[in-house]
Amino acid sequence: MADIKREIERKYESEENGLPDLTGVPGVASIRDRGVAHLDATYYDTADERLAAASLTLRRRTGGSDAGWHLKFPVAPGVRDEIREPLSDTVPGRLAALVRSRVRDRDLQPVVRLRSERDVRHLVDTDGGLLAEISVDTVDAERLTGDGGTARWTEIEVELADGGDPAFLDTVDEHLREAGLRPSKSASKLARALAETAPDTTRAHGRAAHGPAAPAPATAPAAAPKKKRTTRAVGTPVTAGDHVLAYVRAQRDALVELDPAVRQDVPDSVHRMRVATRRLRSTFRSFGTVLARATTDPVGADLKWLAAELGRDRDQEVLAHRLGSALDDLPAALVSGPVAGRLTAWSDAGHRGAHGRLNGILDSRRYLTLLDTLDALLADPPLRGKASADPAGPLAKAVRKDFGKVADLVGQALDLPPGRNRDIALHEARKKAKRTRYAAEAAAPALGKPAKALIKSMQSLQSLLGDHQDSVMARLTLRELAAVAHAAGESAFTYGVLHGREERRAELAEAALPKAWTTIRKDTAL
C-alpha cells in the first residue's frame, strides 16, 4: 500500500534574506536548526501538462528524509494529500493508475527538474513536540521540454506537523506578515517553475498562472446535425443549452475527480461516482430537445454499463450495512448460530471481488474512451433548436414530462395488490423519481424555488421507495444465506426472523406511500 500523508502548509515570497526573527511566536518554546538538505526532484506530466491543469503533482525526489515518488492531490487551499511510493526508475504502477483518468493514453514524461537547497528549522513547544517545520528554499528550476528555460528563486515554506492544529499556521502567518513577508503567488513550486520557465509567448497569455487549459480530446462523439450555436462553453449559464451543459460538465468533472478515490477504496466514493454516471445518463434522456439523442444515446449506453459495474460493489455494501444493523438490533435470544460471522464473510468476499473487478474496469479502454467522448461532447455539443431558447420553457417542460412518468408509475403500483408485480412497479417508480430529481437539479439555477421544491419531494419519494426496494433485496439475500447456513448444519432461525422484519418494513413503506404521494402532488408547482 502507498503511504498517504495530509500536507498542510503556507508558502511566502523571500528576498533571499533568510528567515525573519521568529522569537516571540506564541506557543513556540524553541527553534531548532535541522541543517541544510539538498533535494533533487523531477516532475512528470503529459506533454500537454494535464496534471498541472488539475493542480496535481507527480515527482521523483532524492535527498531529504522522504526520498521517493510523491503524488499530490489538492484538498483545499494550502492542503494536499501526498501519496508516497519508494524510489524506482519508472513511475510506480499504483501512482500511474491514480492519474489515469487525467492522463488516459498520454505518456508521462519528465517536464521540470527542481534542485533545492533547503535550510530547515523546527518550531517546538515546551514539551519538545514539533509544531511546524519552517524552511528557506533556494530553488533552481529547469524545464525539460520545449525550449528548456531556467529560473531561480527563494521562498519560505511553513509546514504543519502531523496532527497539528491548523490555527497555529495562522499565528505564524501573522508573525511573518509583520516581518514583511507576503504569501507566494504560486500554489506550488511546480506551478511557479512552469510559469517562470515557459516560453515568453505562453507567459504573456497568462498560461502558467493557473496551469494549461485541459486539451480537447482527439476522439469525438457521433456527428449531429449542425445548429447555430448561441450557448456558452463556460461562464454564467444563459440559455437552456448553457444550463444543461453546465450540469453535464459538473458530472464529467465528478467522474474524473472521483476515479482516484474509487481506486483507493475511499468510503462512499463508489456511490458518488455511480450517482454522477446516473445524473449524466438521466440528463441526456431528459433533455433531448436540447442535446441530440442520436449523439447522446450511445454515450448513455456506456454510462449505463459503468453504473452497473459500480453497482456491483455499492449494492452489496448497502445490503451488508442494512443486515448488519438489523442483526445488531435483535435481542440476543433471537440470534441462533454464527449469523454475524456468516454476514461478515459474505460481505468481505463480495467486496474483494467487486473492488478488484472495478479497478480493472477503470483501466479498460471502454471506460477511458467514455471519458474522452464526454470531453468531446462538451467541446462540440450536439445542440438542438431548444438549446438557444430561454431556459424556463424547455427545461420546465422536460421536468414536467419526467414528473408525469413518475405519477403514472406510482398510480400503477398503488393499483396493484402486494407482491412481486407491485415490487417491480415501485422499483420503476423509484428510478423515474431519480431521473426527475436530476432533471430538476439541472434546471434549478434557471427555474428557482419550484425546481428546488421538486428536488426535495423526489428525494423524499426516493427514500421511501428505496427503503422498500432495499427490503426486497434484503429478503432475497436472507433466503440465500439461510439456505447456505442450513446446508452447513447451522440454524436458519435468525435469518427467518430478519426476513419477517424486512417484510414488515416493506409493508410500512407501502402503507406510507399514498399519503406521501398526495403531499408531493399538492406541493408540485412546475
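Residues numbered from 1 in each chain as written. Predicted model: local features only at pLDDT ≥ 70, side-chain atom pairs only at ≥ 80, totals over all residues. Heavy atoms only, no water.

**Topic: the overall build of the chain**
Summing up its helical and strand segments, the chain has 16 helices and eight strands in all. Summarising its shape, the C-alpha atoms of the chain cover approximately 80 × 70 × 45 Å along the three principal directions. Taken over 526 residues, the chain has a buried fraction of 48%. A fraction of 73% describes how many contacts in the chain between residues 6 or more apart in sequence connect residues 24 or more apart. Carbon and sulfur atoms make up 51% of the accessible area of the chain, which amounts to about 25000 Å² in all. Taking the 80 positively charged and 74 negatively charged side chains of the chain as two groups, their mean positions are separated by 9 Å. (Helix = DSSP H or I, 4+ residues; strand = E, 2+ residues; numbered from the N terminus. Buried < 20%, exposed > 50% of the residue type's maximum accessible area, 1.4 Å probe, protein only. Contact = heavy atoms within 4.5 Å. Areas by Shrake-Rupley, 256 points an atom, 1.4 Å probe, with all protein chains shown as cover. Lys, Arg positive; Asp, Glu negative; His and termini not counted. Charge placed at Lys NZ, Arg CZ, Asp CG, Glu CD.)

**Some thoughts on the pairing of strand β4 (residues 68-76)**
Alignment of strand β3 (residues 57-62) against β4, held across five bridges, turns out to be antiparallel. For L58, the partnering residue across the bridge sits in β4 and is L71. Between β3 and β4, which pair antiparallel one after the other, the connecting turn spans five residues, and G63 there sits at a positive phi close to 90°. The pairing of β4 with strand β5 (residues 79-85) spans seven bridges and is antiparallel. Note on β5: the bridge partner recorded for A76 is V79. (Pairing = 2+ DSSP bridges.)

**Thoughts on unusual backbone geometry**
Positive phi outside glycine occurs at E49, with the angle close to 55°. The residue E49 is located in the loop between β2 (30-45) and α1 (50-53) in this model.

**Some details on the pattern of salt bridges**
Inspection of every chain in the model, using the stated rule, returns 56 salt bridges. The partner of R322 in a salt bridge is D467, and the shortest N-O contact between them spans 3.0 Å. Note that R322 is positioned in helix α10 (residues 293-329) and D467 in helix α15 (residues 449-487), a separation of 145 residues in sequence. (Salt bridge = Lys/Arg side-chain N within 4 Å of Asp/Glu carboxyl O.)

**Examining the side chain of S101**
Its place among the elements puts S101 in helix α3 (residues 100-103). Exposure remark for S101: the relative accessible area of 1% places this residue in the buried category. In this view, S101 contacts V256, D259, P260, Y367 and L371; residues no more than four positions away in its chain are not counted.

**Describing the nonpolar core**
In terms of nonpolar packing, the biggest core is built from 68 residues, with L255, F284 and L461 touching the most fellow members. At eleven residues, helix α14 (residues 420-447) tops the list of elements feeding residues into this core. (Core = buried A, V, L, I, M, F, W, Y, C linked by side-chain atoms within 4.5 Å.)

**Some remarks on the environment of S135**
With respect to the helices, strands and loops of the structure, S135 is situated in strand β7 (residues 130-143). When the C-alpha positions of S135 and D162 are compared, they lie 16 Å apart, and in sequence the two are 27 residues distant.

**Section: the packing of aromatic side chains**
Counted according to the given criterion, the structure contains two aromatic pairs. Seen from their ring centres, Y44 and W69 are 5.1 Å apart, and the 55° between their planes marks the pair as tilted. One end of the pair, Y44, is in strand β2; the other, W69, is in strand β4, and 25 residues separate them in sequence. Its relative accessible area of 14% is what places Y44 among the buried residues. Ring plane angle 25° and centroid distance 5.7 Å describe the contact between F403 and W517, whose orientation is recorded as stacked. (Phe/Tyr/Trp six-rings, centres within 6.5 Å; stacked < 30°, edge-to-face > 60°.)

**Focus on the packing of helix α8 (residues 240-263) against helix α12 (residues 365-379)**
Contact geometry for α8 and α12: axes closest at 10 Å, N-to-C directions at 150°. In terms of axis orientation, α8 runs roughly antiparallel to α12. Crossing angle aside, the handedness with which α8 passes α12 is left-handed. In this structure, α8 uses L245, V248, R249, R252, L255, V256 and D259 to contact α12, whose residues at the interface are Y367, L371, L374, D375 and L378. Of the residues contributing to the contact of α8 with α12, the split by class is eight nonpolar, no polar and four charged. (Axes fitted to C-alpha atoms, helices over the stretch in contact; angles between N-to-C directions. Parallel < 35°, antiparallel > 145°, perpendicular 65-115°, else oblique. Left-handed = near helix turned anticlockwise from the far one by under 90°. Nonpolar A, V, L, I, M, F, W, Y, C, P; charged D, E, K, R; others polar.)

**Thoughts on the environment of A396**
Along the chain, A396 falls in helix α13 (residues 392-415). By relative accessible area, which is 7% here, A396 ends up buried. Here the alpha-carbon distance between A396 and R505, two residues 109 residues apart in the chain, equals 35 Å. Other than its neighbours up to four places away in sequence, A396 contacts P391 and L447.

**Describing the confidence of the model for the chain**
Chain-level statistics for the chain give a pLDDT mean of 91 and a share of 93% at 70 or above. Segment residues 204-230 is flagged for pLDDT under 50; beyond a separation of four residues in sequence, or across chains, it makes 44 contacts in the model. (pLDDT = per-residue confidence, 0-100.)

**Side note on α15**
Given a rise of 1.5 Å per residue, 39 residues ought to cover 57 Å, and the 56 Å separating the end C-alpha atoms of α15 matches this to within 8%. Positive phi shows up at G489, right after α15, with a value of about 85°. (Expected span 1.5 Å × (residues − 1).)

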